[in-house]
Protein chains: 2
Amino acid sequence: MLSANKIIICGGTHGNELTGVYLAKKHGWFLANPAAAEKCRRYIDCDLNRCFAMSNLNSKTEGLENIRAKVINAMLGQKGTEDAPDFILDLHNTTANMGITLILSHMDSDILNICTHIAKEFTDVHIYLQEEERTESPYIGTVAKTDVCIEAGPQAHGTLDAELFFKVERVAFRFLELIEAWKNGSLPKTSGKIETFSEIRNVDYPRDSGGNIAAMVHPALQGKDFCELSAGMPVFLGFDGKEILWEGETCYPTFINEAAYYEKKIAMSLAKRDYLTV
Amino acid sequence: MLSANKIIICGGTHGNELTGVYLAKKHGWFLANPAAAEKCRRYIDCDLNRCFAMSNLNSKTEGLENIRAKVINAMLGQKGTEDAPDFILDLHNTTANMGITLILSHMDSDILNICTHIAKEFTDVHIYLQEEERTESPYIGTVAKTDVCIEAGPQAHGTLDAELFFKVERVAFRFLELIEAWKNGSLPKTSGKIETFSEIRNVDYPRDSGGNIAAMVHPALQGKDFCELSAGMPVFLGFDGKEILWEGETCYPTFINEAAYYEKKIAMSLAKRDYLTV
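Residues numbered from 1 in each chain as written. Chains lettered and ligands numbered in written order. Predicted model: local features only at pLDDT ≥ 70, side-chain atom pairs only at ≥ 80, totals over all residues. Heavy atoms only, no water.

## Quick word on the environment of I114(A)
Residues and elements named next belong to chain A. Mapped onto the elements, I114 comes out in helix α5 (residues 109–121). For I114, a relative accessible area of 0% puts it in the buried group. The sequence separation of I114 and A259 amounts to 145 residues, and the corresponding C-alpha distance is 30 Å. (Helix = DSSP H or I, 4+ residues; strand = E, 2+ residues; numbered from the N terminus. Buried < 20%, exposed > 50% of the residue type's maximum accessible area, 1.4 Å probe, protein only.)

## Description of the relation of the copies chain A and chain B
If you rotate chain A by 180° and push it 0.0 Å along the axis, it lands on chain B with an RMSD of 0.0 Å. Considering both components of the superposition, the chain copies are consistent with a two-fold axis. Ranked by how close their C-alpha atoms come to the rotation axis, the residues of chain A are headed by A156(A), at 2.3 Å. Looking at chain A, 100% of its interface residues are interface residues in chain B too, so the copies touch through the same face. (Least-squares fit on C-alpha atoms with pLDDT ≥ 70 in both. Contact = heavy atoms within 4.5 Å.)

## Here's the deal with the interface of chain A and chain B
Counting residues at the interface gives 27 residues for chain A and 27 residues for chain B. At the surface where chain A touches chain B, the tally comes to zero salt bridges. Applying the counting rule to chain A against chain B returns six residue pairs in polar contact (both at pLDDT 80 or more). Of all the elements in the fold, those that place two or more residues in the side of chain A that touches chain B are α1 (18–27), α6 (162–183), β8 (215–217) and β9 (234–238) of chain A. (Salt bridge = Lys/Arg side-chain N within 4 Å of Asp/Glu carboxyl O. Polar contact = N/O pair within 3.5 Å; in protein donor to acceptor, adjacent residues only side chain to side chain.)

## A look at the pairing of strand β12 (residues 268–277) of chain A
Residues and elements named next belong to chain A. In the sheet, strand β7 (residues 193–203) pairs with β12 via ten bridges, with the strands oriented antiparallel. Looking across to β12, one finds that K193 is bridged to T277. When strand β11 (residues 252–254) meets β12, the two strands line up antiparallel, connected through three bridges. Within β12, the residue paired with Y252 across the bridge is A271. (Pairing = 2+ DSSP bridges.)

## A look at unusual backbone geometry
Look at the link from G153(A) to P154(A): it is a cis peptide, with omega at 5°. When you line up the elements, P154(A) lands in the loop between β6 (146–153) and α6. Its identity is not glycine, yet F226(B) carries a phi of approximately 70°, on the positive side. With respect to the secondary-structure elements, F226(B) resides in the loop between β8 (215–217) and β9 (234–238). Among the residues examined, F226(B) registers a relative accessible area of 8% and is labelled buried. One non-glycine residue, F255(B), lies in the positive phi region at around 50°. Looking at where F255(B) falls in the secondary structure, it is placed in the loop between β11 (252–254) and β12 (268–277). A relative accessible area of 3% means that F255(B) is categorised as buried.

## Some details on the packing of α1(A) against α6(A)
All names here are of chain A. One way to put it is that α1 packs onto α6 with a least axis distance of 10 Å and a crossing angle of 60°. As far as their axial angle goes, α6 and α1 are oblique. In this structure, α1 crosses over α6, and the sense of that crossing is right-handed. Touching T19, Y22, L23, K26 and H27 of α1 are L164, F165, F166, V168, E169 and F173, all from α6. By residue class, the composition of the contact of α1 with α6 is seven nonpolar, two polar and two charged. (Axes fitted to C-alpha atoms, helices over the stretch in contact; angles between N-to-C directions. Parallel < 35°, antiparallel > 145°, perpendicular 65-115°, else oblique. Left-handed = near helix turned anticlockwise from the far one by under 90°. Nonpolar A, V, L, I, M, F, W, Y, C, P; charged D, E, K, R; others polar.)

## Notes on the packing of aromatic side chains
Evaluation of the coordinates by the stated rule reveals 24 aromatic pairs over all chains. Ring centres of F165(A) and F166(A) lie 5.2 Å apart, and the angle between their planes is 85°; on these two criteria the pair is classed as edge-to-face. Here the two residues F165(A) and F166(A) agree in accessibility, since each one is buried. When the centroid spacing of 5.2 Å and the interplanar angle of 20° are considered together, the rings of F239(A) and Y22(B) count as stacked. (Phe/Tyr/Trp six-rings, centres within 6.5 Å; stacked < 30°, edge-to-face > 60°.)

## Comments concerning a nonpolar patch on the surface
Residues and elements named next belong to chain A. Residues I67, V71 and M75 make up a contiguous nonpolar surface patch of about 280 Å² in total accessible area. One can find V71 in helix α4 (residues 64–76). Judged by relative accessible area, which is 37%, V71 ranks as partly exposed. (Patch = residues over 30% accessible without salt bridge, like charges linked within 9 Å, V, L, I, M, F, W, Y side chains within 5 Å. Areas by Shrake-Rupley, 256 points an atom, 1.4 Å probe, with all protein chains shown as cover.)

## Side note on the sheet that holds strand β3 (residues 87–93) of chain B
All names here are of chain B. With mixed pairing, the nine strands of this open sheet are ordered in space as β2-β1-β3-β6-β4-β5-β7-β12-β11. Lying at the two open borders of the sheet, with one neighbouring strand each, are β2 (30–31) and β11. With six bridges joining them, strand β4 (residues 99–104) and strand β6 (residues 146–153) adopt antiparallel strand pairing. Considered in β6, the bridge of I100 is made with A152. Packed onto the sheet, helix α1 (residues 18–27) meets β1 (7–11), β2 and β3 and runs at close to 130° relative to β3.

## Here's the deal with the confidence of the model for chain A
In this model, chain A carries a mean pLDDT of 96, and residues with pLDDT of at least 70 account for 99%. Two numbers describe this predicted complex: its pTM, 0.96, and its ipTM, 0.95. (pLDDT = per-residue confidence, 0-100.)

Now the structure itself:
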């Protein structure tokens, strides 16, 4: 159950995802990685949004982001304790065509209810379940008792898309209103079926014997996040021009051709689609 | 007059512009900044494509790219000497919607003729004149006696768009064929009027009293590279939601919302359009 007295909206967890960086500057929200934002880079030494596992917070680790994670954890009130924030809304961008994707790191019926309101009120919103063992989850949102991560795209890292900026701003403020309404007991319950996507696994790029990328996302799949992918559909196009067809299960790809995931060996994530009855 | 015996195609002058990086790897073309390509960053210490002014090449300067520029200059045959390459084709990407833009750093009738063939044979090609005093021009292409820089977009830095990859590949090979045809005297002259764009100046983002960006490219201008901009049309949208209308001369903006130019204080470049009779 959500108990929302301490709410943090943060941007710039990745310093080149400018919607959150500039929204944080505009509204005095929490700027998670000012050093990376200053250089307009995702990170300086390592990905800050992979530093918040409890074991990492409690161990001696080096590099700017590992140190910053400990500072953030102390500032916000310590992950896993009563003083931790009630709710973190963490603002991200993606180069993938994911519209406004609301990522829930655990299933919380209040948060799901609030996200359902958002999905009904705004266009191109997706509810995405990426359930995590919270203590060892590395994401900044897991410092709080509950959280939502917003992925907004497509937007090239290091740029600002004005329409996306104002849309994410409206969504963030609507979150605050809906949380307030929930606290006051005035949040209407939604009814009917909610479309949700649940992450299954990641898919790497095809690689040559030297481990180098050997193919690109196929033009027919580019931009088709949250669309059905089934066996026989084109998924990659080799540098040699050869098409690679999908041989796996029917699924819904996300994070297709995300710039930051090349280094993580992720060409896309796969999700299944469900309709939850509320 | 073009004397084309020593021709260099290079990619990865900026390490996160992946079309050129992966075309160079595929074809064994010249990979200009392997250290930056390895990290998928534009550069390590400074912009390599601003290091090739003769005064810079001849002075003691520090940082990976300044050293790399001297190495490249020696490898390729020394800018300003007989041993310099006859022609460099330098492959870049931009987040701006510039299609295939062929940038000429000086007016050479043979090169212009070849570019005109390219513009007639491919869709969405623009010929862009950015005339430079060659000796002090900082661009890698100016190491050669003549050069063309290709800007291909829109593509988010750090990603590969498969369609753009194969289009740039076809254009690069067509350059080689047309140069060969020119050497053999078999290149047909083009006739009629050629549309060209000539760079006038750059425009910065509106800024607040602290020097920080205060507005974004207006949604109505986003993606409208090479389209006419005239007084009264919206050009920026403030973080406060206020529209900023264009008050300058009628012109054709380019490099609109290019990620790498935020740090250079360039929101867009302005060009004038001409029709050259050949």
